[in-house]
Amino acid sequence: MITPRQTRLFPTPDLVTFQHAIAACLESSSPWELRDTVVLVPSRAAAVQLHWTLESIQLEGGGAVCQPRFLTRDELQTELHRRLDPRPRLLSPIERLVWGRAAAEAAVADGADPPFKLRPGLVSEFIAFYDELRRHDRTVEAFERLLVGELDPSAEYDRGARRMLRQTRFLALMFRHYEQRLAAGDWVDEHRLREQVLESGLHRPIRHVVVTTGDRATGTDGLWPADISLLARLRGIERVDVVSTAAVLDAGWHERLEALWPGIEVCPAESVSRRPPRLVVPVDADGRRHFVWRDREEELLAVARQVKSRDPAERTAVLFQRPLPYLYLARQLFGSAGVPFETHDTLPLAAEPFAAALDLVLAFVASGHARVPTVELLRSPHFDLRPDGDPISPQAVSRFDRALVEARYTGDAARLQSLAEGWRAGGDRGRQAADIATVVTTLADELAPLAGTGPASVLLDCLLMFLERHRPSPGAEHDPESREARARAAVVGLLRELGDAHRSHDDPDADLPWVTSTLRRLIEGATFAAPSGRTGVSLVDARAARYGRFDTVILVGLVDGEWPERSRQSSLYPASLTGQLGWARELDRLRAARAGFNDLLTLARARVLVSTVAFEDDAVVAASALLEDLPESGLDLLAEPAPVSNIPVSN
């Protein structure tokens, strides 16, 4: 293996020293050199925290404030593509989904008989599995050879092995069709991009890389073996610095690093001397070193009370493993308490009201314009359904609903049109119901292509035109940067990108169930950036918090399944087979999670609090096993009563 000119590992005793070690790796670089310096971080939220921390360290040292580029692993792929010359066309995730479906259908046409029916959700799983396979530096040939050799001997008498053998042969053929299509054109995905970068080098090289993440065994945002191989072999890189806490390295990251980077130079970082934080414990806890609240709402309300009782100048962070429901609750509870807060996490698109409004449109068509979906669509505030732009009042919709019930209407736009003709002769009330019925039949005509079969791009264009035609007019209070506006733009963007991908690459016939399942799958996996609020309490996930500087740290939601997070198992193969392909072991993941938790306990300058909840949606939940590590943390204890206040909470 070709190694860069200088490859160094910096173990640090704690997260404060970890942050200073990152700054030390950059301090010898000039502003010009920082243009070709990349610091790898786990997320955008982590980049924001590290930017602020490095700026503070540089100002404290009296130096100039110069920042490198902070990139996530995915953003590094985009940066590599940007520095190629000539620059091939890079497939987007949605375009790859379209290519994956075409490759799967080609594999079936070639005689590969999968033991399941092809569905959009499965195609997404196939692409995800292919990515993981290639990121572990495994070829399709190695995958097929290893699994066929493992499954074939028992397939004759084991039905499960026989199904997986058929699945393996289908996937191998599908992946080959996908790779053949890549090789035949001027398109690249991240794997073909890596090959081109290693083969031709970069037009403008990256000179210095600082790795602050672990690998996939240490977290979901870590590097893959293929990423480490890329950094070790890429021409032009003069220096690679890996910075990590000693606890995470001892949990297995050091051993894996030495295997992937033989001869890496170990340079232990000197500890930044400071007094460790004190662990705040309840006064009447009977030896318990964490707080217990009824549910997450009460837990976050206790945080608001803590903040209100402390010095406003203190920088406080609320650390969670999962953003939801804390980000939503904070808007209500902190707003009621008058506690300013900020967050840089993205929100799940599927939880937004406009995503549900899109479902109303699809249900309206799928039901054949039945009464309940029709009335729900008319009541939605996300659409202007009248041709003159005047909203239909809730009272008018209720009267229309009663008229449908009395007429025993079950669906069909033609039936509704005939009812409208009879209602029009029934006075003012009847004419109002008839007018609404005319609106509904017009909507049915607009969405008629979705009720049949046609090219996928045509069906998606029909849906896009409906959303644009019936977009509510912006009011005086409309904010294009609001959460609602961003969510709508994200949904419409997904629709438009999927339609363009089908027009450009593969446009098979589709129907409404296909459109519905594909869109739901895309929306469930998408996030969007929302306004982060005012400067104040930082709501930050555990991975990004490692890069921040805080006076008080409050770890919340320590329940089983979140601390540590449950690993996502492959839905295609059991762990006994994926382990042979290089997938991370569960033991390594748990060791890394425990080490990361212990690091977070020493992050704060003054105080650290840990809390869990007893109920989740009125169901009893188990506390995290990581709480058992608190007595061994070695932190001094500070007993405080549970925070109590008369902070008002709006419903």
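Residues numbered from 1 in each chain as written. Predicted model: local features only at pLDDT ≥ 70, side-chain atom pairs only at ≥ 80, totals over all residues. Heavy atoms only, no water.

Draft legend 1. Summary view of the overall build of the protein. Secondary structure assignment for the protein yields 24 helices and 22 strands. Here the protein has a C-alpha radius of gyration of 28 Å; the compact-globule value for 651 residues is 26 Å, and the two agree. Along the first, second and third principal axes, the C-alpha set of the protein runs to 90 × 70 × 55 Å. In the protein, which comprises 651 residues, the proportion classed as buried is 52%. Of the accessible surface of the protein, which amounts to about 29600 Å², a share of 50% is contributed by carbon and sulfur atoms. Taken together, the 78 basic and 93 acidic charged side chains of the protein have centroids lying 1 Å from each other. (Helix = DSSP H or I, 4+ residues; strand = E, 2+ residues; numbered from the N terminus. Rg over C-alpha atoms; globule rule 2.2 N^0.38 Å. Buried < 20%, exposed > 50% of the residue type's maximum accessible area, 1.4 Å probe, protein only. Areas by Shrake-Rupley, 256 points an atom, 1.4 Å probe, with all protein chains shown as cover. Lys, Arg positive; Asp, Glu negative; His and termini not counted. Charge placed at Lys NZ, Arg CZ, Asp CG, Glu CD.)

Draft legend 2. Region of interest: the side chain of Thr245. Structurally, Thr245 is set in strand E7 (residues 239-245). A polar side-chain atom of Thr245 sits 2.5 Å from a polar atom in the side chain of Asp599. Not counting the four nearest positions on each side in its chain, Thr245 is found in contact with Thr12, Asp14, Leu15, Phe18, Arg546 and Asp599. (Polar contact = N/O pair within 3.5 Å; in protein donor to acceptor, adjacent residues only side chain to side chain. Contact = heavy atoms within 4.5 Å.)

Draft legend 3. Broad picture of the pattern of salt bridges. Under the counting rule described, the total for this entry stands at 49 salt bridges. Glu190 is the salt-bridge partner of Arg73, the closest N and O atoms lying 2.6 Å from each other. Taken together, the residues Arg73 in helix H4 (residues 73-82) and Glu190 in helix H9 (residues 190-200) connect sequence positions 117 residues apart. A salt bridge links Glu565 to Arg543, with the nearest nitrogen and oxygen atoms 3.2 Å apart. (Salt bridge = Lys/Arg side-chain N within 4 Å of Asp/Glu carboxyl O.)

Draft legend 4. Seen up close, empty space enclosed by the protein. Tallied over the entire structure, the rule returns 4 cavities of 30 Å³ or more. Looking at the largest cavity, its volume works out to about 80 Å³. Forming the boundary of the largest cavity are 10 residues, of which Trp293, Ala302, Gln306, Ile554 and Leu609 lie nearest the centre. Listing elements by their share of the lining of the largest cavity, those giving two or more residues are strand E10 (291-293), helix H12 (296-308) and strand E19 (607-613). Here the lining of the largest cavity takes 4 residues from H12, the largest share from any one element. Taken together, the residues of the lining of the largest cavity sort by class into 7 nonpolar, 2 polar and 1 charged. Its volume calculated, the second largest cavity comes out at about 60 Å³. Split into classes, the residues belonging to the lining of the second largest cavity amount to 3 nonpolar, 2 polar and 3 charged. (1 Å grid on protein atoms, 1.4 Å probe; cavity = no way out; pocket = protein on both sides within 12 Å on 5 of 7 lines; lining within 4 Å. Points joined across faces, edges and corners; volume = space filled by probe spheres on them. Nonpolar A, V, L, I, M, F, W, Y, C, P; charged D, E, K, R; others polar.)

Draft legend 5. Expanded view of the nonpolar core. Within the largest apolar cluster, 91 residues are counted, with the highest numbers of intra-cluster contacts made by Leu300, Phe334, Leu358, Phe383, Phe400, Trp423 and Leu539. When neighbours within four sequence positions are excluded, Phe400 is seen to be in contact with Thr374, Leu378, Leu416, Trp423, Ala433, Ile436, Ala437 and Val440. Listed in part, the 46 residues of the second largest apolar core include Ala542, Phe550, Leu630 and Leu635. (Core = buried A, V, L, I, M, F, W, Y, C linked by side-chain atoms within 4.5 Å.)

Draft legend 6. Region of the structure containing the pairing of strand E22 (residues 637-640). Burial of the side chains of E22 is restricted to one face: Leu638 and Glu640 are buried, whereas none of Leu637 and Ala639 on the reverse face is. The pairing of strand E9 (residues 278-282) with E22 spans 4 bridges and is classified as parallel. Bridged to Leu279 within E22 is Leu637. (Pairing = 2+ DSSP bridges.)

Draft legend 7. Broad picture of the packing of aromatic side chains. All told, the structure shown has 19 aromatic pairs when counted by the stated rule. For the pair Phe129 and Phe143, a centre-to-centre distance of 5.6 Å together with 65° between the ring planes defines the contact as edge-to-face. Linking Phe129 in helix H6 (residues 120-135) with Phe143 in helix H7 (residues 140-155), this pair joins segments that are 14 residues apart in sequence. Considered together, Phe129 and Phe143 belong to a single accessibility category, that of buried residues. Where Tyr130 meets Tyr178, the ring centres are 5.3 Å apart and the plane angle is 70°; that geometry is what we call edge-to-face. Pair noted here: Tyr130 is in helix H6 and Tyr178 is in helix H8 (residues 159-184), with a separation of 48 residues, a long-range link. Aromatic ring contacts, followed pair by pair, group Trp99, Phe129, Tyr130, Phe143, Phe175, Tyr178, Tyr573 and Trp583 into a single cluster. Looking at Arg294, its charged tip hangs above the ring of Phe615, at a distance of 5.0 Å from the centre. Directly above the aromatic system of Trp52 lies the positively charged group of Arg315, at a separation of 4.1 Å from the ring centroid. (Phe/Tyr/Trp six-rings, centres within 6.5 Å; stacked < 30°, edge-to-face > 60°. Lys NZ or Arg CZ within 6 Å of the ring centre and 35° of its normal.)

Draft legend 8. Representation of the confidence of the model for the protein in the model. Predicted confidence across the protein gives a mean pLDDT of 89, with 94% of residues reaching 70 or more. For the protein, the element scoring lowest by mean pLDDT is helix H2 (residues 31-34), at 77; strand E18 (residues 552-555) scores highest, at 96. Across residues 645-651, where pLDDT falls below 50, the model places 16 contacts with residues more than four positions away in sequence or in other chains. (pLDDT = per-residue confidence, 0-100.)

Draft legend 9. Inspection of the environment of Asn598 at higher detail. Relative to the helices and strands, Asn598 resides in helix H24 (residues 586-600). Separated by 28 residues in the primary sequence, Asn598 and Leu626 have C-alpha atoms spaced 8.9 Å apart.

Draft legend 10. Highlighting the packing of H4 against H9. Look at H4 against H9: their axes get within 10 Å of each other, and the N-to-C directions meet at 50°. Comparing their axes, H9 and H4 come out oblique. The hand of the H4/H9 crossing is left-handed. Of the residues in H9, those touching H4 at Arg73, Gln77, Leu80 and His81 are Glu190, Leu193, Arg194 and Val197. (Axes fitted to C-alpha atoms, helices over the stretch in contact; angles between N-to-C directions. Parallel < 35°, antiparallel > 145°, perpendicular 65-115°, else oblique. Left-handed = near helix turned anticlockwise from the far one by under 90°.)

Draft legend 11. Up close: the sheet that holds strand E3 (residues 69-71). Ordered in space as E3-E2-E6-E7-E1-E8, the 6 strands form an open sheet in which the pairing is parallel. At either end of the open sheet lies a strand with only one pairing partner, and these are E3 and strand E8 (265-266). Running over the sheet, helix H1 (residues 15-26) touches strand E1 (6-12), strand E2 (37-40), strand E6 (208-211) and E7 and is turned about 170° from E7. Its contacts with the sheet put helix H11 (residues 246-260) on E1, E7 and E8, and the angle it makes with E7 is roughly 140°.

Draft legend 12. How the structure looks around H11. Taking 1.5 Å as the rise per residue, H11 with 15 residues should run 21 Å; its terminal C-alpha atoms sit only 18 Å apart, a clear shortfall. At Gly252, H11 shows its largest kink, close to 65°. Each element contacted by the buried residues of H11 is listed here: E1, helix H10 (225-233), E7 and H24. (Expected span 1.5 Å × (residues − 1). Bend = angle between axes of the 7 residues up to and from the residue.)

Draft legend 13. Region of the structure containing the pairing of E6. Residue alternation in E6 divides its side chains into two sets, His208 and Val210 and Val209 and Val211, and both sets are buried. Note that E2 and E6 share 4 bridges and pair parallel. Note on E6: the bridge partner recorded for Val39 is Val210. Judged from the 4 bridges that link them, E6 and E7 form a sheet pairing that is parallel. Bridge pairing in E7 places Val211 opposite Val242.

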